[in-house]
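These are the residues of each chain, in order.
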Amino acid sequence: MTDRPIVRVLGPVRFPDGGGALIAPAGAMPRRLLVALALAGPEGRGVAGLTEDLWPDEPPRNPRGAIQMLVSRLRAVAAEGLLASTPTGYRVSGSDLEAAERADAAAAAAALALWTGDAGSDLEADALADDLVARAERARLRLLRLEAQRLLDERRGDEAVPLLERVVDGAPLDGDAVLRLMRAQAEGGRVDAALAAFAAHRERLADALGADPDPALVRLNAELLRAQAAPTAADLVGVRAATTPLLGRQDDLERLTATVPTHRLTSIVGTGGLGKTRLAHESALRLADRFERIVFTELAGAPDAEGVELVVGTAVGARGTRTRRLADPLPADLGTRTREALAARRTLLVLDNCEHVVDAAAQLAVDLLAAVPDLTVLATSRVPLLVPGEAVVAPQPLPADGSAADLFVERARAARPGVPLDPALVERVCARLDGLPLAIELAAARLRSMTLPELDRRLEDRFAVLVGGDRTAPDRHRTLLAVIEWSRRLLSPAAAAALSALAVFPDGFTAAGADLLLGRDASAELTELVDQSLLAFTEQGPGRARYRMLETVREYGLRDLAERGALEQARTALDAWAVAFARGVAPGLLGGRDPAATRTVTEEEETLLAVLRSGGAGREPVLVAVAGLLMENWMYRGEFEPLAAILPELLGAAALRPRTGQEQEDALKALTIAASVAQITGSPAVLRALALLRRATRRGAPATGFWGVFATSLVLAPSLAAGTAAIDALADSPDPLSATFARLMRAQLEENRGLAEAAIADLAAADALAARNGFHWVRFLARTSIASLRSQQGRHEEALATAERVRAEIVALDLDTELRQLDWLIGANRAALGDLDAAEALFGAMAGATGRAGAAEERDNRAIAEAGLAEVATARGDRAAALPRWETALATARRASPPWRVLVDASALAARVRLGVPAADLAEPYRRLRVLLIVVLRLGPLGFDAPVLGAGMLGLAAVLRRTAPEAADGLLGAALAFGARRDMASLDLVAAEWVGPPPPVEVATGQALALLRSPAVRQRG
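Cut-offs applied
- Residues numbered from 1 in each chain as written.
- Predicted model: local features only at pLDDT ≥ 70, side-chain atom pairs only at ≥ 80, totals over all residues.
- Heavy atoms only, no water.
- Helix = DSSP H or I, 4+ residues; strand = E, 2+ residues; numbered from the N terminus.
- Rg over C-alpha atoms; globule rule 2.2 N^0.38 Å.
- Buried < 20%, exposed > 50% of the residue type's maximum accessible area, 1.4 Å probe, protein only.
- Contact = heavy atoms within 4.5 Å.
- Areas by Shrake-Rupley, 256 points an atom, 1.4 Å probe, with all protein chains shown as cover.
- Lys, Arg positive; Asp, Glu negative; His and termini not counted.
- Charge placed at Lys NZ, Arg CZ, Asp CG, Glu CD.
- Pairing = 2+ DSSP bridges.
- Right-handed = clockwise from strand over helix to strand, strands pointing away.
- Expected span 1.5 Å × (residues − 1).
- Polar contact = N/O pair within 3.5 Å; in protein donor to acceptor, adjacent residues only side chain to side chain.
- Salt bridge = Lys/Arg side-chain N within 4 Å of Asp/Glu carboxyl O.
- Axes fitted to C-alpha atoms, helices over the stretch in contact; angles between N-to-C directions.
- Parallel < 35°, antiparallel > 145°, perpendicular 65-115°, else oblique.
- Left-handed = near helix turned anticlockwise from the far one by under 90°.
- Nonpolar A, V, L, I, M, F, W, Y, C, P; charged D, E, K, R; others polar.
- UniProt positions renumbered as here; feature names shortened; annotations may be inferred.
- 1 Å grid on protein atoms, 1.4 Å probe; cavity = no way out; pocket = protein on both sides within 12 Å on 5 of 7 lines; lining within 4 Å.
- Points joined across faces, edges and corners; volume = space filled by probe spheres on them.
- Phe/Tyr/Trp six-rings, centres within 6.5 Å; stacked < 30°, edge-to-face > 60°.

### Quick word on the overall build of the protein
(1) Moving on: In terms of regular secondary structure, the protein is built from 50 helices and 13 strands.
(2) Moving on: Its C-alpha atoms give the protein a radius of gyration of 33 Å, near enough to 31 Å, the size a compact globule of 1021 residues would have.
(3) Moving on: With respect to the principal axes defined by its C-alpha atoms, the protein has extents near 110 × 80 × 60 Å.
(4) Moving on: Scored against the burial criterion, the 1021 residues of the protein give a buried share of 54%.
(5) Moving on: A sequence separation of at least 24 residues applies to 68% of the contacts in the protein between residues at least 6 apart.
(6) Moving on: Counting every atom, the protein has about 43600 Å² of accessible surface; 54% of that belongs to carbon and sulfur.
(7) Moving on: Here the protein contributes 117 positive and 131 negative side-chain charges, whose respective centroids are spaced 3 Å apart.

Here it is in structure tokens:
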């Protein structure tokens, strides 16, 4: 599935040698190393994690060197590029496990063929092997589901049944899999098998959980039991059965088959090329047993209202037998005859392609529905009919990583059997085509005469490439350009001009943005474009709405601008919008004065980045203003990766001396943030950033304002001591924003030195300053930090009150920020205080949620949520529920970042001691945690969170308390000296056993490694 050399773990562990042959690793340790790296995926695994994977009992004295030796030996025989170094460890170029986990529906069958036996069958049984087996089984079940769904979409239910049976065998409590299996069996005529599958599932649920099947399963079972012989199908007029399967539209078909019979008028509305006509035909076929007659009328050739009535009358058989032309006058009784023909039987009338005669089609539908009580109408149009009682079904473009890719693959292989198709490139092409079925089919057909990479390159001019589709299709669907031009011809001149001008926005726009770009009130044009399905309107929250174009429509607009020589003028207008937006929103963003500012900037981020990356001489002031705004927003959100990425563009633009005072202010802010980030991340651009900032601060009068003071006092401070002294001085500054930020920074330094109360005092002062001056972002940051410190100290009531107050204020202000870590803080303290139901609800919501965080942070959030659920079960004394919960939490935490990994491992040890787990059963997790703490200390304790290190020692102390109380006291004292985290109730109970003050942190730091390696502590491990 890839040309890269990959490690094979879905069977015996193998890797390619220099000649490409698969060979077995020479020994257990190289085998374990390859498996650990395969499990880590593209991000790789750090030395600390690899040490634990390779030596779960006792690490070598120099783990980094030992790992380097293993890597060197493997590299000597492995294919080039298989093993690569990362900043913290190593990674492999790929694995069959990664390919299986990333495969989409189009590649599912090929991915299932990657298994050559039981995953890791030549590994010794331990935690690493268990992790591999679990991951491989999850991947296999996912692929079986995908392949089965593909077969179901293609109406190959008989072939899907054995796959779904394997899914049910692997996940016997999965109600969705049973539901799909029953449907496939029933559609294949095996109703008895479907009923038996339901009965078996019901019995399994009752035995395992004491629960009943899902309502959807119960309903399907009842329908099958009530099933009678199918009623007589309707007479079909003009309804066509397709020659190819309809992919990716199952949800839309289900919605239509449910909506049409319950509404007298239903409209399928969407942009051109979305497949509305195909959906209407397929829906009509599926509804054949609900009507006595279905008549499909095509209005594309009707020029006006008279033509609409004639087309419909002809289709329903209301015309006389005499042949006549469209230009002839209508017979006086055509309308009457049409109504009589429709009233004769219960009829579904389909009006296809109404958009160019929408007024006439709407009036005819209303008249016919009023005159014929048993009539139902289904319309397709690019605009709604806008008549009373109309139900609108709006199909969306197909997802590029799902059914769009499936459609492309199916059509491409039909056009040229055996055509090579890289799944990632297929998804890219489908995404570029906006998931429009017509565009995808046109593109796939071009593979008769070109390769997929060539097609991808030539899509730079999609309108020249996507031509020559189905010869039976109407002219307006023969090319992609014809589809868009058909819609444009229906627009007013002002709306047509706006369509092209607004295409310079790459990621949508607001009504205010459209007004500014066009230089006038654009509301009328926007409404027209939305009605014609050329713009999508989405309401993203109270008072926040956005317009978006499909990329195909946007490219059409850009093409039109270029052909008219107006493209450069439109881009200049976009620059003007970007600068006005940046300078307009900046005052509210600073310190969080305007709570909505962060969200506003984030929503425009892609457009601002496009402006930034477009470059060009003479645009330097634009780039500096835009970069400064983006960097400030990212700084508040703690997103340093994108900050570092745009440093080159910013520094290049900032080298040009500003021409105005406003440009000078823009440059000062941008360079201050850039220099700060470059220092924090160790960027090689730090010297250039500092040089440009020094030049900026030397211009004119001494720097004033927040950014000027921040630059001269802190960023350009000659030494750490000078910077610390500047923070102390700024903490009492008359400028409230400078004083607030200084207090926050000093609190961080104090927390790092173990001065928690001093840190809380500074945070409280920052909170008070922020509250008085309306610095919302700073205030929430200060209060969240206070809650976190109180929670770490085990002061749960104070932590909970503060955290809940902060969360309520964030929600009330509708701030764009991540709440899951705050929710975890609330849940942990509620659990510690005995409010277990509320804690369980919070942790459960966290465990099932996803957000904007990167993959690593998502793993962390899931791990601590699962640990929270386990802690709740422990507090209830529910041993049967708690122990499996802790196993889930530990398995999730294995790929979490080290601080959260230690916290979860330590909490699990302490909790299982509370639950009476025998000491022998805790030996392995005890050893694992002790080894991890040793590795961390050897690799450099200064880079680790001391309170988390203390939490790990609390977990070890909980186990040692049974057999080695003196060693437990030593660990407990060191843990409290480090300020051990006591958020989790089980750890808090261990910490509460200490009486008196802990030893000084300097003493504990010096003794920690020796203590962990002492015979008493090591013996238990």
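Okay, back to it.
### Side note on the pairing of strand β9 (residues 347-352)
(1) Moving on: A large share of β9 lies buried, amounting to six of its six residues.
(2) Moving on: Neither face of β9 is left uncovered, since the one carrying Thr 347, Leu 349 and Leu 351 and the one carrying Leu 348, Val 350 and Asp 352 both have all their residues buried.
(3) Moving on: Looking at chain direction, strand β8 (residues 293-298) and β9 are connected through six bridges and run parallel. Bridge pairing in β9 places Phe 296 opposite Val 350.
(4) Moving on: Relative to strand β10 (residues 376-381), β9 runs parallel, the two sharing four bridges. Of the residues in β10, the one forming a bridge with Leu 348 is Thr 376.
(5) Moving on: The parallel pair β9 and β10 is bridged by helix α15 (residues 358-371), and the resulting crossover is right-handed.

### What to know about helix α6 (residues 127-153)
(1) Moving on: Relative to the 39 Å expected for 27 residues at 1.5 Å per residue, α6 spans 39 Å between its end C-alpha atoms, a close match to the ideal helical length.
(2) Moving on: Where α6 starts, the residue carrying a side-chain oxygen 3.2 Å from the main-chain nitrogen of Leu 128 turns out to be Asp 126.
(3) Moving on: Within two residues after α6, Arg 155 carries a phi angle of roughly 60°, on the positive side.

### A look at the pairing of strand β5 (residues 89-92)
(1) Moving on: Alignment of strand β3 (residues 45-46) against β5, held across two bridges, turns out to be antiparallel. Following the sheet pairing, Arg 45 is matched in β5 by Tyr 90.
(2) Moving on: Alignment of strand β4 (residues 83-85) against β5, held across three bridges, turns out to be antiparallel. Bridging from a neighbouring strand, Leu 83 pairs with Val 92 of β5.

### A short note on the pattern of salt bridges
(1) Moving on: All told, the structure shown has 58 salt bridges when counted by the stated rule.
(2) Moving on: A salt bridge links Glu 101 to Arg 135; the shortest N-O distance between them is 2.7 Å. Here the residue Glu 101 occupies a position in helix α4 (residues 96-102), and Arg 135 occupies one in helix α6, the gap between them amounting to 34 residues.
(3) Moving on: Its salt-bridge partner being Arg 746, residue Asp 728 comes within 3.1 Å of it at the nearest N-O pair. With a gap of 18 residues between them, Asp 728 in helix α35 (residues 720-730) and Arg 746 in helix α36 (residues 736-752) connect regions that are remote in the sequence.
(4) Moving on: For Asp 728, a relative accessible area of 36% corresponds to the partly exposed category.
(5) Moving on: The class for Arg 746 is buried, based on a relative accessible area of 18%.
(6) Moving on: Connected through salt bridges with shared partners, the residues Glu 52, Arg 901, Asp 905, Glu 924 and Arg 928 form a single ionic network.

### Some details on the packing of helix α47 (residues 965-977) against helix α49 (residues 1001-1012)
(1) Moving on: The N-to-C vectors of α47 and α49 enclose an angle of 135°; their axes lie 9 Å apart at closest approach. Classed by the angle they form, the pair α47 and α49 counts as oblique. Of the two elements, α47 crosses α49, and the hand of that crossing is left-handed. Taken together, the residues of α49 that come into contact with α47 (itself represented by Gly 970, Leu 971, Ala 974 and Ala 977) are Val 1001, Ala 1004, Leu 1011 and Leu 1012.
(2) Moving on: Per-class residue counts for the contact of α47 with α49 are seven nonpolar, one polar and no charged.

### Thoughts on the side chain of Glu 871
(1) Moving on: Mapped onto the fold, Glu 871 is located in helix α42 (residues 855-875).
(2) Moving on: Residues within four places of Glu 871 in sequence aside, it is in contact with Trp 886, Ser 907, Ala 911, Arg 914, Met 984, Ala 985 and Ser 986.

### Examining the UniProt feature "domain: Bacterial transcriptional activator" (unreviewed entry) in the protein
(1) Moving on: The positions that UniProt labels "domain: Bacterial transcriptional activator" (unreviewed entry) are, in the present scheme, residues 95-225.
(2) Moving on: Between the C-alpha atoms that bound residues 95-225 there is a distance of 47 Å. The span itself is 73% helix and 0% strand.

### Focus on unusual backbone geometry
For residues besides glycine, phi is generally negative; the peptide bonds are generally trans as well.
(1) Moving on: A positive phi angle is found at Asn 353, which is not glycine, with a value near 65°.
(2) Moving on: Residue position: Asn 353 is located in the loop between β9 and α15.
(3) Moving on: When its relative accessible area of 5% is taken as the criterion, Asn 353 is described as buried.
(4) Moving on: Despite not being glycine, Leu 386 shows a phi value in the positive range, around 60°.
(5) Moving on: Mapping Leu 386 onto the fold places it in the loop between β10 and β11 (390-393).

### Some remarks on the packing of helix α11 (residues 250-259) against helix α12 (residues 276-286)
(1) Moving on: Running from N to C, α11 and α12 cross one another at 55°; their axes reach a closest spacing of 10 Å. Taken together, the axis directions place α11 and α12 in an arrangement best described as oblique. For the pair α11 and α12, the crossing hand works out as right-handed. From α11, Gln 250, Asp 252, Leu 253, Leu 256 and Thr 257 reach across to α12, where they touch Leu 279, Glu 282, Ser 283 and Arg 286.
(2) Moving on: Considered class by class, the residues forming the contact of α11 with α12 number three nonpolar, three polar and three charged.

### Some remarks on empty space enclosed by the protein
(1) Moving on: Throughout the structure, instances matching the rule amount to four cavities of 30 Å³ or more.
(2) Moving on: Approximately 130 Å³ is the volume attributed to the largest cavity.
(3) Moving on: Lining the largest cavity are 16 residues, and of these Pro 621, Val 624, Leu 656, Pro 658 and Glu 663 lie nearest its centre.
(4) Moving on: If you list the elements that add at least two residues to the lining of the largest cavity, you get α29 (620-637), α31 (647-654) and α32 (661-681).

### Here's the deal with the sheet that holds β10
(1) Moving on: With parallel pairing, the six strands of this open sheet are ordered in space as β6-β8-β9-β10-β7-β11. The sheet terminates laterally at β6 (235-237) and β11, the two strands that pair on one side only. Ignoring which end each strand starts from, the neighbouring axes of this sheet average 15° apart.
(2) Moving on: Set on the sheet, α11 makes contact with β7 (265-269), β10 and β11; between it and β11 the angle comes to about 170°.

### Considering the sheet that holds β4
(1) Moving on: One open sheet holds the three strands; their spatial order is β3-β5-β4, and the pairing between them is antiparallel. The sheet is open, and its two borders are formed by β3 and β4, each paired with just one other strand.

### Notes on the environment of Arg 64
(1) Moving on: By secondary structure assignment, the location of Arg 64 is in helix α3 (residues 63-77).
(2) Moving on: Here Arg 64 falls in the partly exposed class, since its relative accessible area comes to 37%.
(3) Moving on: As a C-alpha pair, Arg 64 and Ala 48 span 16 residues in sequence and 8.5 Å in three-dimensional space.

### Some details on the side chain of Arg 779
(1) Moving on: Inspection of the secondary structure assignment puts Arg 779 in helix α38 (residues 776-792).
(2) Moving on: A relative accessible area of 11% places Arg 779 in the buried class.
(3) Moving on: A polar side-chain atom of Arg 779 sits 3.0 Å from a polar atom in the side chain of His 776.

### Observations regarding the packing of aromatic side chains
(1) Moving on: In this structure the tally under the stated criterion is seven aromatic pairs.
(2) Moving on: On the basis of an interplanar angle of 80° and a centroid distance of 5.3 Å, the ring pair of Phe 505 and Trp 577 is categorised as edge-to-face. Linking Phe 505 in the loop between α22 (493-501) and α23 (511-518) with Trp 577 in helix α26 (residues 567-589), this pair joins segments that are 72 residues apart in sequence. The pair Phe 505 / Trp 577 is uniform in exposure class, with both members buried.
(3) Moving on: With 5.5 Å between their ring centres and 75° between their planes, Trp 824 and Trp 900 make a pair best called edge-to-face. Of the two residues, Trp 824 is situated in helix α40 (residues 820-832) and Trp 900 in helix α44 (residues 898-914); the sequence distance between them amounts to 76 residues. Residue Trp 824 shares its accessibility class with Trp 900, and that shared class is buried.
(4) Moving on: Through a chain of ring-to-ring contacts, the aromatic side chains of Phe 505, Phe 509, Phe 537, Tyr 547, Trp 577 and Phe 581 assemble into a single cluster.

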